[in-house]
Amino acid sequence: MMKSDHQITESVEQTPFVDTHEHLIEESLRLSGALDQWLPCDDWAYLFGEYVANDLAVAGMPDADLRKFHGRDLSSETKYRLVAPYWDRIRHSGYALALRHTLRGLYGVDDLTAESLPHIAEKYRETVQPGFYGAILRRANIESCQVNSVQRIFMESEQPVLLAQDLNIRDFMRCSPADFARVKAETGKQPTTLEEWLDVIDFYFASYGPKAVAVKCAIAYSRALDFAPVAKAHAARLFLHHIGTRSHSLGSEDLKALQDFLFRYCVSKAGEYGLPVKLHTGYLAGGGKMELSRIRDNAADLCRLLQDFPEVQFVLMHIGYPYQEEFIALAKHYPNAAIDMCWAWIINPAASVRFLKEFLMAVPANKIFTFGGDHVAVEPVYGHAVIARQGIARALSELVAEGWIACEETPDLIERIMRGNALSFFPNRQREHAVVQPQLASSR
């Protein structure tokens with residue numbers, strides 16, 4: 001290793017991350033061990049419950065076996081026998097590599113084997129103790145996380161300084177029965193007109209906008225990101241039909257128009273509250289359902305939105321993989337477009353190294369955030385952070401070796417892309433807020 005490589009690696013290791021994207025459930029739910037859709041089992045198999053499970057399925061593990069593996073009925077040994085043949089097929093993928101780093105860093109074993117299994121099972125149980133979220137994040141040298149809650153539209157976290165929160169706007173615009181049910185469960189309201197639905201949106205922004213660090217929308221899982229302007233009167237008629245029939249039978253074009261109006265309304269509200277808008281782009285989690293023809297157009301579809309809302313800052317997530325070069329172009333051209341490398345490091349570590357190098361050669365360095373684990377469980381965040389640090393160090397070392405940047409420039413650059421950008425870009429919510437209880441009343 002060259003002297004410059006060592007200096008860069010040491011600097012990257014010592015610099016804390018500001019983690020700009022997780023889905024961590026509240027620590028109290030993990031500690032309770034209660035059966036929940038976000039805690040289907042409470043043993044070492046839970047660590048395989050997110051992205052590693054996607055690779056296991058793609059590698060051939062039957063769905064029925066995967067469900068048993070993530071259930072609560074099988075012994076630890078039986079679970080191992082189910083997963084072992086497929087684990088060997090994926091162990092070098094980014095998802096599995098991150099989990100192996102977690103096993104090594106938190107449990108002291110190099111890999112999942114029949115011999116290491118009892119120790120892994122025991123260390124899992126020993127680790128899940130009060131305060132373990134903070135303990136794991138400190139070991140990963142992560143100073144704070146931004147969480148897009150899977151439990152609520154906005155989570156009033158028990159640890160708001162450690163786990164800052166996004167406001168999830170997808171539930172306001174997707175208009176599925178589940179979205180209406182969630183709003184009713186949280187507010188008691190069951191809107192029947194567009195005005196009443198906008199009152200609900202206003203209520204959430206008034207209640208949680210002063211506490212949120214951003215708004216987040218992952219509607220790219222179900223539709224394109226081409227949000228066109230739509231007249232309010234037209235949207236009102238569409239909403240009335242959508243709700244009035246109770247069958248949610250709007251055609252695809254009409255549903256898109258309604259969603260377009262609601263999304264743009266939410267973006268305007270985000271602008272009022274000074275909140276950046278985080279958008280899922282690129283690769284989709286899961287398996288067997290991604291339409292690349294739609295994913296390929298994400299960057300192009302966003303151009304009008306960036307033009308129409310120049311005062312709103314947009315965070316384009318996951319580098320748009322596998323079409324990341326287009327997102328470098330967006331960030332270079334549009335002042336209100338920044339890129340988040342969250343999740344990307346484990347989707348494809350090698351591609352992420354290339355992306356970071358190319359980004360830093362093309363785009364102002366204040367327009368990138370280099371880490372977000374994108375996990376529901378806290379333990380895999382550790383291994384993901386290890387891979388991200390390795391990738392950042394490799395990208396910068398290669399840029400130095402190739403003569404593009406000087407070694408003495410790297411400490412400031414590392415500080416900027418690992419934490420400084422996030423600290424200056426996102427609202428500072430690490431303070432106590434007065435409890436706000438606005439009324440559900442229209443102000444439009």
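Fair warning: this is a prediction, and the values are worked out from it, not measured in the lab.

K.L.:
Help me understand empty space enclosed by the protein in this model?
P.N.:
Empty space among the atoms becomes visible once a probe the size of a water molecule is rolled across them. By the definition in use, this model includes 2 cavities of 30 Å³ or more. Taken as a whole, the largest cavity holds about 80 Å³ of empty space. If you go around the largest cavity, the residues you meet are Leu47, Glu50, Tyr51, Val52, Tyr95, Ala98, Leu99, Ile346, His375 and Pro380. For the lining of the largest cavity, the secondary structure elements donating two or more residues are helix H3 (51-58) and helix H6 (94-107). Of the residues forming the lining of the largest cavity, the biggest block, 3 residues, is contributed by H6. Estimated volume of the second largest cavity: approximately 40 Å³.

K.L.:
Explain the nonpolar core here, please?
P.N.:
Soluble, globular proteins show a tendency: their nonpolar side chains are buried together. Ranked by internal contacts, the top residues of the largest apolar core, which has 147 residues, are Trp44, Phe48, Leu112, Leu262 and Phe314. Per-element accounting of this core gives the leading share, 11 residues, to helix H19 (residues 379-401). Aside from chain neighbours lying at most four places away, what touches Phe48 is Ala53, Leu56, Phe69, His70, Trp87, Leu99 and Leu112. By size, the runner-up hydrophobic cluster in this structure holds 7 residues, among which are Val315, Ala338, Phe369 and Ala422.

K.L.:
Could you clarify how one ought to interpret the pairing of strand E6 (residues 314-317) in this entry?
P.N.:
Where a strand is regular, its side chains alternate between the two sheet faces. The two faces of E6 match: Phe314 and Leu316 on one face and Val315 and Met317 on the other face are all buried. Across 3 bridges, the pairing between strand E5 (residues 277-279) and E6 is parallel. For Val277, the partnering residue across the bridge sits in E6 and is Phe314.

K.L.:
What is the right way to look at the layout of surface pockets in this model?
P.N.:
Considered as a void within the structure, the largest pocket measures approximately 1,100 Å³ in volume. Along the walls of the largest pocket sit 37 residues, with His23, Trp38, Val150, Ala285 and Val376 positioned nearest its centre. Every element with two or more residues in the lining of the largest pocket is listed here: H3, helix H9 (170-173) and helix H10 (177-187). The leading source of residues in the lining of the largest pocket is H3, at 4 residues. Along the lines of polarity and charge, the residues of the lining of the largest pocket split into 15 nonpolar, 13 polar and 9 charged.

K.L.:
Would you mind going over the pattern of salt bridges with me for this structure?
P.N.:
Pairs can form between side chains of opposite charge once their charged atoms are near each other. Throughout the structure, instances matching the rule amount to 25 salt bridges. Among the ionic pairs, Arg174 bridges to Asp171, the shortest N-O distance being 3.6 Å. Looking at Arg174, the relative accessible area reads 24%, which means it is partly exposed. Its relative accessible area of 2% is what places Asp171 among the buried residues. With its nearest N and O atoms 2.6 Å apart, the salt bridge here joins Arg419 to Glu415.

K.L.:
Looking at this structure, I do not really get the packing of helix H8 (residues 132-139) against H19. What am I missing?
P.N.:
Relative to each other, H8 and H19 sit at 10 degrees, their axes nearing to 9 Å. What the angle tells us is that H8 and H19 run roughly parallel. Contacts between H8 and H19 involve Phe132, Ile136, Leu137 and Arg139 from the first element and Glu379, Val381 and Tyr382 from the second. The residue makeup of the contact of H8 with H19, split by class, is 5 nonpolar, no polar and 2 charged.

K.L.:
Explain unusual backbone geometry here, please?
P.N.:
Trans is the common state for peptide bonds, and a negative phi is the common state for residues other than glycine. A cis amide bond links Tyr321 to the next residue, Pro322, at an omega of 10 degrees. A positive phi angle, close to 65 degrees, is found at Cys175, a residue other than glycine. With respect to the secondary-structure elements, Cys175 resides in the loop between H9 and H10. Judged by its relative accessible area of 2%, Cys175 falls in the buried class.

K.L.:
I would appreciate a short explanation of helix H18 (residues 349-362) in the present structure.
P.N.:
The periodicity of an α-helix, 3.6 residues per turn, causes residues three or four places apart in sequence to face the same way. Taking 1.5 Å per residue as the helical rise, H18 with its 14 residues ought to reach 20 Å, and the 20 Å between its terminal C-alpha atoms agrees with that figure. Within H18, burial applies to Ala351, Ser352, Val353, Phe355, Leu356, Lys357, Phe359 and Leu360. Close packing links the buried residues of H18 with helix H16 (324-333), strand E7 (337-340), helix H17 (344-347), strand E8 (368-369), H19 and helix H20 (410-425). Measuring from the backbone nitrogen of Ala350 back to the side-chain oxygen at the start of H18 gives 3.2 Å, which picks out Asn348 as the cap.

K.L.:
Got a minute to help me understand the environment of Gln313 in this structure?
P.N.:
Its location among the elements puts Gln313 in the loop between helix H15 (298-308) and E6. Gln313 sits 51 residues away from Pro364 along the chain, and the two C-alpha atoms are 15 Å apart. In this structure Gln313 touches Pro276, Val277, Pro335, Asn336 and Phe425, once residues within four positions along its chain are discounted.

K.L.:
Would you mind showing me how to read the sheet that holds E8 here?
P.N.:
Two strands in a sheet stick together by hydrogen bonds in their backbones, pointing the same way (parallel) or opposite ways (antiparallel). Read from one edge to the other, the open sheet built from 8 strands follows the order E1-E2-E3-E4-E5-E6-E7-E8, with strand pairing classed as parallel. In this open sheet, the two strands that pair with only one neighbour each are strand E1 (17-22) and E8. Pairing of strand E2 (residues 142-147) with strand E3 (residues 163-168) involves 3 bridges; the strand directions are parallel. Opposite Cys145, over in E3, you have Leu163 as the bridge partner. Most of the contacts of H16 go to E7, to which it runs at about 140 degrees, and overall it touches E6 and E7.

Definitions and cut-offs
- Residues numbered from 1 in each chain as written.
- Predicted model: local features only at pLDDT ≥ 70, side-chain atom pairs only at ≥ 80, totals over all residues.
- Heavy atoms only, no water.
- 1 Å grid on protein atoms, 1.4 Å probe; cavity = no way out; pocket = protein on both sides within 12 Å on 5 of 7 lines; lining within 4 Å.
- Points joined across faces, edges and corners; volume = space filled by probe spheres on them.
- Helix = DSSP H or I, 4+ residues; strand = E, 2+ residues; numbered from the N terminus.
- Core = buried A, V, L, I, M, F, W, Y, C linked by side-chain atoms within 4.5 Å.
- Buried < 20%, exposed > 50% of the residue type's maximum accessible area, 1.4 Å probe, protein only.
- Contact = heavy atoms within 4.5 Å.
- Pairing = 2+ DSSP bridges.
- Nonpolar A, V, L, I, M, F, W, Y, C, P; charged D, E, K, R; others polar.
- Salt bridge = Lys/Arg side-chain N within 4 Å of Asp/Glu carboxyl O.
- Axes fitted to C-alpha atoms, helices over the stretch in contact; angles between N-to-C directions.
- Parallel < 35°, antiparallel > 145°, perpendicular 65-115°, else oblique.
- Expected span 1.5 Å × (residues − 1).
- Polar contact = N/O pair within 3.5 Å; in protein donor to acceptor, adjacent residues only side chain to side chain.

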